[in-house]
Amino acid sequence: MFNKLKSILSSHDQHYIYGLLLLSFVVSMVELVGISAIAPFIAIASDFSLIESKPYFAFAYQMLHLNSPYEFVICFGITLLFFYLFRSLINLFYQYLLARFTFGRYHLIVERLFRNYLGINYEDFIAKNTSHLTKTITTEAHNFTILLAAFLFMTSEIFVVLLIYGTLLFVDFKITLGLTLVLAILGFLLARGIAIKIKKQGKEKESHQKAFFETLSSSFGNYKIIKLQSDSTSIWNNFSDYLSGYSLANIKNQTFFHIPRLILEAVGFCLMILVVLILFIQNPENVTSYLPLLSMYVLALYRLLPSINRILDSYNRILFNFRSLEIIYQDLNLQVQDLGEEKLDFNEQIRLENLLFSYQQKNVFQQINLTICKGEKVAFIGESGSGKSTLVDCIIGLLHPKSGTIWVDNAKINNSNLKSWRAKVGYIPQSVYLFAGSVADNVAFGREFDEEKIVACLKSAKIYEFLQTKEGLQTQVGDGGIALSGGQKQRIAIARALYGNPEILVLDEATSALDSEVEAKIMEEIYKIAKDKTLLIVAHRLSTITHCDCIYRLRNGNLQRVCSAEL
């Protein structure tokens, strides 16, 4: 666990933790003084002769130039009042720093996770479940901060317990060892028994929560189909089962958390009552002489038992959220692409040499040799699953071929210039995702906002006039673009692709979901837009590629050029 925490936290965070541990030691010393000062105060309040008989009391009495023991007791009491106020303030300050650090790590961890997810290879990303990524960012990162807080809090309470326990050993080691033996055995048995159950509940919680997020994602993503089925009973039942399992795991966990505290408190104070009874039976005439000692033990137990309970509670929280630590550690150590800033010019041609790509140990295509001149309109056709989109994804730098080379003019595509190459591509997918927001925000899509440029792109996509009948650039598209028709969404996707002023336009079956009339209009406009651009089309309908300069068919992993007459 420590190695994983060290890997996740930065060096600055680790130094901050060392500072917190030092402060927690100071707080523990303050707690020790608070416990130790009660017994002497009760002793001199009940017996003034101790002020003169005890050297440290006598020294303080003379230093303060007090007139009577009564004044000394009053002064001692007022000092303790201010001390306990200070004790509360320093504890509050420590808790503030602890909360600031642990929960302040949340946004840093989430930021690093999101950056990692955006930085991984496209091939790795499509192999992942997006609901898992969402769960990790929204839930597991929060659970990690709970684990971190529990670890630091447990460490500070261990300091308190060790210091107070050492003092009790010094005062009366027989009573202390007796209490220790009973409480240690009981604590060990409780920790061992409860820990297994809590760790089990933690795994069940993570499993049910994962299924919970997957059900939400699949249900909202297929909402229209669910409505058409007119029976969402099975979906609801599955969702209810996952939700019940998640809730039950949390209920059991919270119940188990309280068992050690209740048992230890009951046993601890029962033992103290037992000690008082034994002393009373052995020496009923002189019980008052044990009053300071008993007061100290009672106060010590009053402070120790909650500390021991907090240690057990924190330990259980660590176990319950340990799976989150493993997930965060794993995802923060994902292999991220290290792309350089080398510029790449595209003036002449794209050349593919002996390109091979495989997926799950199966070749998708092999020995692909192809030259695409700048400004050419090239189409790729073939049966579903033949690898058309995969080939284009390799060309534009989303996927990495297993062997072979892609050249742009005389430069080889590699990690140094891949970022520059990708920036030259405008991509129009078959399934357009528009987030809930304005048309302008969807076109800019996180890039620098330029209203004039957005208007120009919308005009090129032939949708600006329609938007003027609505709310212009601020027209709301709805979640997933639900407020727009399929053709309108496709036009916004075209505007989005044009916003980056690309040299290459890629249509990945971009119009296959549209009816023939709308498709024909959009394709005619795309050919006009791409007049001075290189156009790569992955086609399903042959009617969309009639104006292409070259047409290639991908079949059985091999690429063949075909003429229009063969189609």
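Structure's up top.
The text that follows walks through the structure, step by step, so that each part is easy to find. From a predicted model like this one, the values you see are computed outputs, not experimental measurements.

It is worth spelling out the packing of aromatic side chains at this point. Summed over the entire model, instances satisfying the criterion amount to 9 aromatic pairs. Judged by centre distance (5.8 Å) and plane angle (85°), the ring pair of Phe346 and Trp421 falls under edge-to-face. Of this pair, Phe346 sits in the loop between α13 (322-332) and β1 (349-359) while Trp421 sits in helix α15 (residues 418-422), and the two are 75 residues apart along the sequence. Taken together, Phe41, Phe72 and Phe76 form an aromatic cluster joined through their ring pairs. The side chain of Lys374 reaches across the aromatic face of Phe346, ending 4.9 Å from its centre. Here the basic side chain of Lys453 rests over the ring of Tyr499, its NZ or CZ set 5.0 Å away from the ring centre.

Below, the discussion takes up the environment of Gln476. By the secondary structure assignment, Gln476 is in the loop between α18 (464-468) and α19 (486-499). When the C-alpha atoms of Gln476 and Phe435 are compared, they prove to be 9.6 Å apart, with 41 residues separating the residues in sequence. Separated by 3.1 Å, the side chain of Gln476 and the backbone oxygen of Gln474 make a polar contact.

Once that is clear, we can look at the sheet that holds strand β5 (residues 411-412). Taken together, 4 strands build an open sheet; the order of strands is β2-β1-β4-β5 and the sheet is antiparallel. This sheet does not close on itself; its edge strands, each paired only once, are β2 (362-373) and β5. Those strands touched by helix α14 (residues 388-395) are β1, β2 and β4 (403-408), and its axis lies near 125° from that of β1.

Turning to the side chain of Arg105, a few remarks are in order. Note on placement: Arg105 falls in helix α6 (residues 69-119). Relative accessible area serves as the criterion here: at 14%, Arg105 is assigned to the buried category. Within polar-contact distance, the side chain of Arg105 engages the backbone oxygen of Phe101 at 2.8 Å. Not counting residues up to four positions away in its chain, the partners in contact with Arg105 are Asp13, Arg100 and Leu148.

Turning to the sheet that holds strand β6 (residues 425-428), a few remarks are in order. Taking strand neighbours across the sheet as the criterion, the 6 strands line up as β6-β7-β8-β3-β9-β10 in an open arrangement whose pairing is mixed. Two strands lie at the open edges of the sheet, namely β6 and β10 (558-562), each paired on one side alone. Going across the sheet, the axis of each strand differs from the next one's by a mean of 20°, ignoring polarity. Taken together, the 4 bridges between strand β3 (residues 377-381) and strand β9 (residues 550-555) define a ladder with parallel strand orientation. Within the sheet, the bridge partner assigned to Ile381 lies in β9 and is Arg553. Seen against the sheet, α19 touches β6 and β7 (504-508) and runs at an angle of roughly 170° to β6.

What the rule picks out here adds up to 13 salt bridges. One salt bridge connects Arg87 with Glu31, and the closest N-O pair in it is separated by 3.2 Å. Taken together, the residues Arg87 in helix α6 and Glu31 in helix α2 (residues 11-36) connect sequence positions 56 residues apart. The class for Arg87 is partly exposed, based on a relative accessible area of 23%. Owing to a relative accessible area of 2%, Glu31 belongs among the buried residues under this scheme. Through salt bridges that share partners, Lys4, Arg323 and Glu326 make up one connected network.

Bringing helix α20 (residues 516-529) into the picture now. Taking 1.5 Å of rise per residue, the 14 residues of α20 would be expected to cover 20 Å, and the 20 Å separating its terminal C-alpha atoms lies within 8% of that figure. Along α20, the residues that are buried comprise Glu519, Ile522, Met523, Glu525, Ile526, Tyr527 and Ile529. The inward-facing, buried residues of α20 contact α17 (451-460), α19, β7 and β8 (534-538).

Closest axis-to-axis distance for the α2/helix α8 (residues 130-171) pair is 9 Å, and the angle between their directions is 35°. For the element pair α2 and α8, the recorded crossing hand is right-handed. When α2 is examined against α8, the residues Ile17, Leu20, Leu21, Ser24, Phe25, Ser28, Met29, Glu31, Leu32, Ile35 and Ser36 are found in contact with a partner set consisting of Leu152, Thr155, Ser156, Phe159, Val160, Leu163, Ile164 and Thr167. A breakdown of the residues in the contact of α2 with α8 according to their chemical character gives 12 nonpolar, 6 polar and 1 charged.

What follows is about a nonpolar patch on the surface. Taken together, the side chains of Phe48, Tyr70, Ile74, Ile78, Leu81, Phe82, Leu85 and Leu89 make up a nonpolar region of the molecular surface, amounting to roughly 850 Å² of accessible area. Relative to the helices and strands, Leu81 is located in helix α6. Taking the relative accessible area as the measure of exposure, Leu81 reaches 61% and is therefore exposed.

Take the environment of Ile164 next. Along the chain, Ile164 falls in helix α8. It is 5.6 Å that separates the C-alpha atoms of Ile164 and Leu32, two residues lying 132 residues apart in sequence. What Ile164 contacts, discounting residues up to four positions off in sequence, is Leu32, Ile35, Ala300, Arg303 and Leu304.

With that settled, the discussion passes to helix α5 (residues 55-64). Of all the positions in α5, only Phe57, Ala58 and Tyr61 are classed as buried. Looking straight down α5, one finds that the buried residues subtend no more than 100° of arc, so they occupy a single side. Of the exposed residues in α5, the ones pointing more than 90 degrees away from its buried face are Pro55, Tyr56, Phe59 and Met63. The secondary structure elements touched by the buried residues of α5 are α3 (38-46), α4 (50-53) and α6. Residue His65 follows α5 closely and has a positive phi angle near 55°.

This paragraph deals with the packing of α3 against α6. As a packed pair, α3 and α6 sit with axes 10 Å apart at the nearest point and diverge in direction by 160°. By the angle between their directions, the pair α3 and α6 is classed as roughly antiparallel. In the crossing of α3 with α6, the sense of the turn from one axis to the other is left-handed. Seen from α3, the contacting residues are Ile38, Pro40, Phe41, Ile44 and Ala45; seen from α6, they are Phe72, Val73, Phe76, Gly77, Leu80 and Tyr84.

With that settled, the discussion passes to the pairing of β2. The pairing of β1 with β2 spans 8 bridges and is classified as antiparallel. Residue pairing across strands places Ser358 opposite Asn363, the latter belonging to β2. Counted along the chain from β1 to the antiparallel partner β2, the turn is 2 residues long, and its residue Gln360 has a positive phi close to 55°.

Each value, and the rule that gives it
Residues numbered from 1 in each chain as written. Predicted model: local features only at pLDDT ≥ 70, side-chain atom pairs only at ≥ 80, totals over all residues. Heavy atoms only, no water. Phe/Tyr/Trp six-rings, centres within 6.5 Å; stacked < 30°, edge-to-face > 60°. Helix = DSSP H or I, 4+ residues; strand = E, 2+ residues; numbered from the N terminus. Lys NZ or Arg CZ within 6 Å of the ring centre and 35° of its normal. Polar contact = N/O pair within 3.5 Å; in protein donor to acceptor, adjacent residues only side chain to side chain. Pairing = 2+ DSSP bridges. Contact = heavy atoms within 4.5 Å. Axes fitted to C-alpha atoms, helices over the stretch in contact; angles between N-to-C directions. Buried < 20%, exposed > 50% of the residue type's maximum accessible area, 1.4 Å probe, protein only. Salt bridge = Lys/Arg side-chain N within 4 Å of Asp/Glu carboxyl O. Expected span 1.5 Å × (residues − 1). Left-handed = near helix turned anticlockwise from the far one by under 90°. Nonpolar A, V, L, I, M, F, W, Y, C, P; charged D, E, K, R; others polar. Patch = residues over 30% accessible without salt bridge, like charges linked within 9 Å, V, L, I, M, F, W, Y side chains within 5 Å. Areas by Shrake-Rupley, 256 points an atom, 1.4 Å probe, with all protein chains shown as cover. Arc of directions from axis to C-beta. Parallel < 35°, antiparallel > 145°, perpendicular 65-115°, else oblique.

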